[in-house]
Amino acid sequence: MEGALIARDRVGVQDFVLLDSHTSETAFLNNLRKRYQENLIYTYIGTLLVSVNPYQELDIYTMTQMQLYRGVNFFELPPHLYAIADNAYRLMCSEYNNHFILISGESGAGKTEASKKILQYYAVTCPTTEQLQVVRDRLLLSNPVLEAFGNAKTLRNDNSSRFGKYMDIQFDFKGAPVGGHILSYLIEKSRVVHQNHGERNFHIFYQLLEGGEKELLGWLGLERNPQKYAYLIQGKCAKVFSINDKNDWKIVRKAFSIIDFTERDLQHLFGIVASVLHLGNIQFEEDSNGHSIIRDGTQIKWISKLLGAHLSILQEALTHRKIEARSEEVLSPLNVDMAFYARDAVAKAIYGRTFTWLVNKINNSLANKDSTRKTVIGLLDIYGFEVLDTNSFEQFCINYCNEKLQQLLIEMTLKAEQEEYKLEGIEWEQIPYFNNKIICDLVEEKHKGIISILDEECLRPGEATDLSFLEKLEEKVGDHAHFVTRKLADQKTRKSIDWVDFRLLHYAGEVTYSAVGFLEKNNDLLYRNLKEVLCNSKNGIIRECFLLSELDNRRRPETVATQFKNSLTSLIEILMSKEPSYVRCIKPNELKEPGKFDDFLIRHQVKYLGLMEHLRVRRAGFAYRRKYEIFLQRYKSLCPATWPNWNGPAAEGVEKLIKHLGYKPEEYKLGRTKIFIRFPKTLFATEDAFELRKYILVSRLQAKYKGRLGKREFKKKRDAAIKLEACWRGVLARKAAKKRSWAVQIIRKFIKGFINRKKPLCPEDVEFVRLVQYNYLMKLRDHLPKNVLDKSWLQPPSILEEVSEMLQNMCIRNLVRKYCQGVPPERKVQLEQKVVTSAVFRGKKEGYQQSINQPFMDTRLKESDLNPRVLQLIQGEKIKYVTPVIKYDRNGFKARERLLVLTQASACVVEMAKIKQKIDYSTLKGISTSNLSDGIVVIHVPEDNKQKGDAILHCEHIFETVTKLCMLANKQNLVKVVQGSLRFRVGSGKEGTMVFTVGQEPQVFKAKNGQLTVVSTQMSS
Ligand SMILES: Nc1ncnc2c1ncn2[C@@H]1O[C@H](COP(=O)(O)OP(=O)(O)OP(=O)(O)O)[C@@H](O)[C@H]1O
Ligand SMILES: [Mg+2]
């Protein structure tokens, strides 16, 4: 209910006890409708569950839901079948007592579905073992078998249970389901031979014809067509869209194999089913004497085969009746009507008893053989109050049954209430309610009740009829306040009652019964000779159902009503010894459609189910009661004195709490262990306050909790960080230590190597030496000379001196080679010339150093600059070099501008178009220059007449000219660099002297002493 309190505004109240106007049927219906429209099909009245058939699959029966309700306090979750089932189970386990769950409601309200769901809940949630799995499966699979034989399509329900069922589930001390037992009540046998329009016979007939294997049908003499069988087509709807007979057949066959049916059992069983179908097709006609005879012998032959009965005896039994006259037995032929009656009676009898046999067989397979004590939960799925257009004997029995169950319910609820008040020491307040004992007595009282009167009529000799029965009723119970017939009724009521009717004023309302058929149905006669045939049947099941001892028993068997009354009495006894739970099922509309809430229909059921009555009883005193501990636990936060903890007794805590909340004295009572609250509004106000308080508390708690979580998280992280750091430091330290010890070894090796480095290679020094070599070579690689002029070289360690030298040489050679390869031919010629120049002048003549950088030209003047005449004179000698010179003649040393032309073979001094002097290289005697920077060159020639004397020339490019000359003449060694003076030949045997001095200005002049004086300036170095 606590859950209900929270949800109350959204979808009505989850417990009718909390309805403000609890006596208003309209308020009740409104609440039910509101919830139904939200697909909330369950609502409580205290611990009673009201269930409205949803006519659609709802997502509320999943495994998750089952687990959700398992072991949870009854009132904590929204109302559910599982809560009822779980509550009964838990009470059974903890108190070790027996329980039952009574499921009632009208046809199609969902009783059978509810009982199956409860069974499933136990199968899934209860502890089990592999061995018990079999029991579990049998418990679950007993349903399809019983439904096949006991359910049928009716106008109100496509799978209507046509029998009442009480099933005990047995649990061992651990709470595991270990066995079961089923009691069945009043199977509707008449359906076997007759169905109303739109209804069918029991499912099994159609299943067999649709699903049965070809061979099986052949063996049974059946055709796969329900239309061929008179018993199957009276309702004209053998085929129903919502039923899959073929599939259901498979399920039933599988169930049979699990519930331990042998092939032989099944043969006999299907033999009986087939026999019923054949019986239905037997037709009688009148012979000439007006006696009945069987028109066609085919069916009777099949029946004889399938039931193992002698053909002719069977034939005779169906058309004759054995009458015992004194000690003689006489066979009296039946007329056609009576023969049909006998035929139908056989069909009903064998089907009815086979059903009982089936239940017993299932019970055997569910029976738990060990004798340890067990507790049980009983599931009672029984027809609810039935009011049809015409109500007959069956409705009379059913409604009587409901009267009894209502009585039980009220008694048990009142008893429980009263006991609770007593236990709690609260004064019992009388609750006004309708006690239906008076009606139960009207029906069942010995000698005076309707059943006794009916039995009397059935048993008395003479012509008893339904009308005589009615008269007897009027006579004996006519003055009963709850009994009316047309004769007894007042003017107004009379119109609605027929002459053959009687009306009972049930607790739930008036029901008019038609007395027609009461006697026959109550007698349920089967002619003795037919019984004899069946008792001698070779079909094992029939033989078990019709015991020979029955024939010897001369006492009349008990009538149907008495049997029913007795079985009901024992059922009530069974139930009285157990703790009850109730499920009341309501059918929302006649159309079997989801979402349709038919107010009229439901109002009717609310009334017939006695729900208002029940609510009144539950709410008579107090709307709410709870143990002090639970109440305090829930609401303690509403009072500072009880929050957060109350240390005294819970009762005192509650007292403090309600004082603080301002409860008025008439609103509550305090019992020994519980608080009782009279009005829902008091509770709602408390609940609202609690909701508000909860928000505050929750946010406070959340904040605290979040803080704590944060702290915990932080601490966890910090601890983790510290641990990580420590680990990492350890790793680093180990790494460093490893490195250190490695380094020590290396250093030691290095020192050893160093000490032994001078030794020839040996293990002590080899690594050191290799390292030194390696290092030197690697360093050397980066410091090699870049070009031929780079003379740098890395200083080698002593052990590599030799190698270093070799490498240096190689390197220089390589550089030179590379350099040489890179020099172009013209430059090569130049360099060769420079080399010669160097050999001749280096360190000897001033200005050499400065000349090194000045490249030599191929020639200073081109061949074309020469006079053609000169060229002609040279006569094809290849001209190699031409430069302007100044020639000092021999006589006055006068300076004359001339050209010096060097050819392949000679040097010529040319003046315009004349060759003034030609000196063959072969005759060249020498070449002289001074050591100063004067530019004077003297080409010495031999002393012969032809020669003019030595040529004294001043060249601007002295080094170039002299080099070219001496190279062309190939007389480098003849070049002299003189100091101070030189002697030269003037010609014709005369010699002159040339003096070289340094002065302010360069000049060449003939000195007074006749010497040629050459003054040159000092070159700045
Ligand atoms: N909880 C449910 N969820 C979905 N459908 C349901 C539920 N309960 C009942 N039904 C539907 O209603 C139909 C009738 O239900 P059920 O056979 O249980 O009725 P009943 O009360 O046993 O009727 P009868 O007295 O005729 O045996 C079911 O076949 C099913 O289609
Ligand atoms: Mg049912």
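This one's a predicted model, so the numbers in the text were calculated from it and none came from an experiment.

*Asks:* Explanation requested: helix H5 (residues 111-125) in the structure shown.
*Replies:* Counting along an α-helix, one turn takes 3.6 residues, and residues three or four places apart therefore face a common direction. In a regular helix each residue adds 1.5 Å, so 15 residues correspond to 21 Å; H5 covers 21 Å between its end C-alpha atoms and thus fits that length. Counted residue by residue, H5 has 11 buried out of 15 residues, so it is predominantly covered. For H5, the set of buried residues is Lys 111, Thr 112, Ala 114, Ser 115, Lys 117, Ile 118, Leu 119, Tyr 121, Tyr 122, Ala 123 and Thr 125.

*Asks:* What am I meant to see in the state of the cysteines here?
*Replies:* Here is the idea: a disulfide is a covalent bond, and it sits between the sulfur atoms of two cysteines. Within the structure shown, the criterion is met by 0 disulfides. In this structure Cys 458 is not part of a disulfide, and its nearest cysteine sulfur, from Cys 397, lies 12 Å away. A residue is classified by how much of its surface remains accessible, and Cys 458, at 8% relative accessible area, is buried. Summary of cysteine pairing: Cys 955 is not part of a disulfide, and the nearest cysteine sulfur, belonging to Cys 966, is at 12 Å. When its relative accessible area of 1% is taken as the criterion, Cys 955 is described as buried.

*Asks:* Help me understand the pattern of salt bridges, please; the structure alone is not making it clear to me.
*Replies:* When the charged atoms of two side chains with opposite charge come close together, those side chains can pair. By the definition in use, this model includes 53 salt bridges. Put simply, Lys 472 and Glu 457 hold a salt bridge, and the shortest N to O gap is 3.0 Å. Residue Lys 472 is found in helix H18 (residues 466-477), and its partner Glu 457 is found in helix H17 (residues 450-459); the two are separated by 15 residues along the sequence. Within the structure, one salt-bridge network assembled from shared partners comprises Glu 113, Lys 116, Lys 117 and Glu 147.

*Asks:* Even after reading the chapter, I still don't get the site of ligand 1, so can you show me in this structure?
*Replies:* Around ligand 1, the surrounding shell holds 17 residues, and the nearest of these are Ser 107, Lys 111, Thr 112, Ser 160 and Ser 161. At 2.8 Å from an oxygen atom of ligand 1 is found a side-chain nitrogen or oxygen belonging to Asn 53. Between Ser 161 and ligand 1, the recorded distance is 2.6 Å, taken from a backbone N or O atom to an oxygen atom. Protein chains bury 87% of the 630 Å² of accessible surface belonging to ligand 1 in isolation. Top contributing element to the shell around ligand 1 by residue count: H5, with 3 residues.

*Asks:* Teacher, can you tell me more about the sheet that holds strand E1 (residues 42-45) here?
*Replies:* Hydrogen bonds between backbone atoms are what pair the strands of a sheet, whose relative direction is either parallel or antiparallel. Strands sit in the order E1-E2-E16-E3-E12-E6-E7 across an open sheet of 7 strands; the sheet is mixed. A strand with exactly one partner marks an edge of an open sheet, and here the two such strands are E1 and strand E7 (177-185). Ignoring which end each strand starts from, the neighbouring axes of this sheet average 20° apart. Strand contacts of helix H4 (residues 81-95): E1, strand E2 (48-52), strand E3 (99-105), strand E6 (164-171), strand E12 (375-383) and strand E16 (579-586), with the helix running at about 155° to E3, the strand carrying the most contacts.

*Asks:* What is the right way to look at the coordination of the magnesium ion (ligand 2) in this model?
*Replies:* Between any two of four tetrahedral donors, the ideal angle at the metal is 109.5 degrees; between two of six octahedral donors, it is 90 or 180 degrees. Within the protein, the magnesium ion (ligand 2) binds to Thr 112 (OG1) and Ser 161 (OG); these donor distances fall in the range 1.9 to 2.0 Å. Residue Thr 112 is found in helix H5, and its partner Ser 161 is found in strand E5 (residues 160-161); the two are separated by 49 residues along the sequence. With a relative accessible area of 13%, Thr 112 lands in the buried category.

*Asks:* Honestly, the sheet that holds strand E19 (residues 674-677) in this entry has me stumped. Any pointers?
*Replies:* Taken together, 3 strands build an open sheet; the order of strands is E17-E19-E18 and the sheet is antiparallel. Of all strands in the sheet, those with a lone pairing partner are strand E17 (624-627) and strand E18 (668-670), marking the two edges. Going across the sheet, the axis of each strand differs from the next one's by a mean of 15°, ignoring polarity. Contacts from helix H28 (residues 650-661) reach E18 and E19 within the one sheet, and its direction differs from that of E18 by about 160°.

*Asks:* Mind showing me how you'd approach the environment of Gln 14 here?
*Replies:* One can find Gln 14 in the loop between helix H1 (2-7) and helix H2 (25-37). Residues Gln 14 and Gly 46 lie 32 residues apart in sequence; the distance between their C-alpha atoms is 9.8 Å.

*Asks:* Which parts of the structure should I look at to understand the packing of aromatic side chains?
*Replies:* Any pair of aromatic rings gets described here by the distance separating the centres and the angle formed by the planes. Per the counting criterion, the structure on display carries 41 aromatic pairs. On the numbers, 5.8 Å between centres and 80° between planes, the contact of Phe 754 with Phe 768 is edge-to-face. Separated by 14 residues along the polypeptide, Phe 754 in helix H29 (residues 680-755) and Phe 768 in helix H30 (residues 766-782) bring together distant segments of the chain. On the accessibility criterion, Phe 754 (41% relative accessible area) is partly exposed. Residue Phe 768 is classed as buried on the basis of its relative accessible area of 7%. By way of ring pairs, the aromatic residues Phe 149, Phe 202, Phe 205, Trp 249, Phe 256, Phe 261, Phe 270, Tyr 351 and Trp 357 are connected into one cluster. Directly above the aromatic system of Tyr 61 lies the positively charged group of Lys 117, at a separation of 4.4 Å from the ring centroid.

*Asks:* Sorry if this is basic, but what is going on with the pairing of strand E24 (residues 926-930) here?
*Replies:* Moving residue by residue along a regular strand, the side chains alternate between the two faces of the sheet. Here E24 lies mainly inside the structure; 5 of its 5 residues are buried. Alternating residues of E24 divide into Gly 926, Ser 928 and Ser 930 and Ile 927 and Thr 929, and every residue in both groups is buried. Relative to strand E25 (residues 936-940), E24 runs antiparallel, the two being bridged by 4 bridges. Bridging across to E25, Thr 929 finds its partner in Val 937.

*Asks:* How do you make sense of unusual backbone geometry when you look at a structure like this?
*Replies:* Of all residues except glycine, most have a negative phi; of all peptide bonds, most are trans. Residue Pro 644 is bonded to the preceding Trp 643 through a cis peptide linkage, with omega at 0°. Along the chain, Pro 644 turns up in the loop between helix H27 (628-635) and H28. Even without being glycine, Tyr 55 reaches a positive phi, approximately 50°. With respect to the helices and strands, the residue Tyr 55 is situated in the loop between E2 and helix H3 (63-69). Unlike most non-glycine residues, Asn 970 shows phi in positive territory, near 55°. Take Asn 970: it is sitting in the loop between helix H35 (958-969) and strand E27 (975-978). Accessibility expressed as a relative area gives 59% for Asn 970, which makes it exposed.

*Asks:* Explanation requested: a positive patch on the surface in the structure shown.
*Replies:* Residues Arg 700, Lys 704, Arg 708, Lys 711, Arg 712 and Lys 716 make up a contiguous surface patch of positive charge. One can find Arg 700 in helix H29.

*Asks:* For this particular structure, what's the right way to read helix H16 (residues 437-444)?
*Replies:* Looking only at H16, the buried set comprises Ile 439, Cys 440, Leu 442, Val 443 and Glu 444. Considering only its buried residues, H16 is in contact with helix H15 (393-424), H17, H18, strand E13 (483-485), strand E14 (501-506) and helix H24 (560-576).

*Asks:* Where do I start with the environment of Glu 877 in this structure?
*Replies:* Inspection of the secondary structure assignment puts Glu 877 in the loop between helix H34 (868-874) and strand E20 (879-888). Counting along the chain gives 26 residues from Glu 877 to Thr 903, while the straight-line C-alpha distance between them is 6.1 Å. Excluding anything up to four places from it in sequence, Glu 877 contacts Thr 903, Ala 905, Ser 906 and Lys 918. Here Thr 903 takes part through its side chain, which lies 2.5 Å from a polar atom of the side chain of Glu 877.

*Asks:* Explain the side chain of Arg 138 to me, please; I cannot follow it from the model alone.
*Replies:* Examined against the element boundaries, Arg 138 turns out to sit in helix H6 (residues 130-150). For Arg 138, a relative accessible area of 16% translates into the label buried. Once you skip the residues sitting within four places of it in the chain, Arg 138 turns out to touch Ile 258, Ile 259, Asp 260, Ser 365 and Leu 366.

*Asks:* When you look at a nonpolar patch on the surface in this model, what are you seeing that I'm missing?
*Replies:* On the surface, a cluster of nonpolar side chains totalling about 700 Å² of accessible area is made up of Ile 747, Phe 750, Ile 751, Phe 754, Ile 755, Leu 771 and Tyr 774. Counting residues per element, the ones that place at least two in the nonpolar patch are H29 and H30. Looking at which element gives the most residues to the nonpolar patch, the answer is H29, with 5 residues. Along the chain, the position of Ile 755 falls in helix H29. Note on Ile 755: relative accessible area 60%, which makes it exposed.

Cut-offs and rules
- Residues numbered from 1 in each chain as written.
- Chains lettered and ligands numbered in written order.
- Predicted model: local features only at pLDDT ≥ 70, side-chain atom pairs only at ≥ 80, totals over all residues.
- Heavy atoms only, no water.
- Helix = DSSP H or I, 4+ residues; strand = E, 2+ residues; numbered from the N terminus.
- Expected span 1.5 Å × (residues − 1).
- Buried < 20%, exposed > 50% of the residue type's maximum accessible area, 1.4 Å probe, protein only.
- Disulfide = S-S within 2.5 Å.
- Salt bridge = Lys/Arg side-chain N within 4 Å of Asp/Glu carboxyl O.
- Near = heavy atom within 4 Å.
- Polar contact = N/O pair within 3.5 Å; in protein donor to acceptor, adjacent residues only side chain to side chain.
- Areas by Shrake-Rupley, 256 points an atom, 1.4 Å probe, with all protein chains shown as cover.
- Pairing = 2+ DSSP bridges.
- Axes fitted to C-alpha atoms, helices over the stretch in contact; angles between N-to-C directions.
- Contact = heavy atoms within 4.5 Å.
- Donors = N, O, S within 2.8 Å, 3.2 Å for Na, K, Ca; no water.
- Phe/Tyr/Trp six-rings, centres within 6.5 Å; stacked < 30°, edge-to-face > 60°.
- Lys NZ or Arg CZ within 6 Å of the ring centre and 35° of its normal.
- Patch = residues over 30% accessible without salt bridge, like charges linked within 9 Å, V, L, I, M, F, W, Y side chains within 5 Å.
- Lys, Arg positive; Asp, Glu negative; His and termini not counted.
- Charge placed at Lys NZ, Arg CZ, Asp CG, Glu CD.

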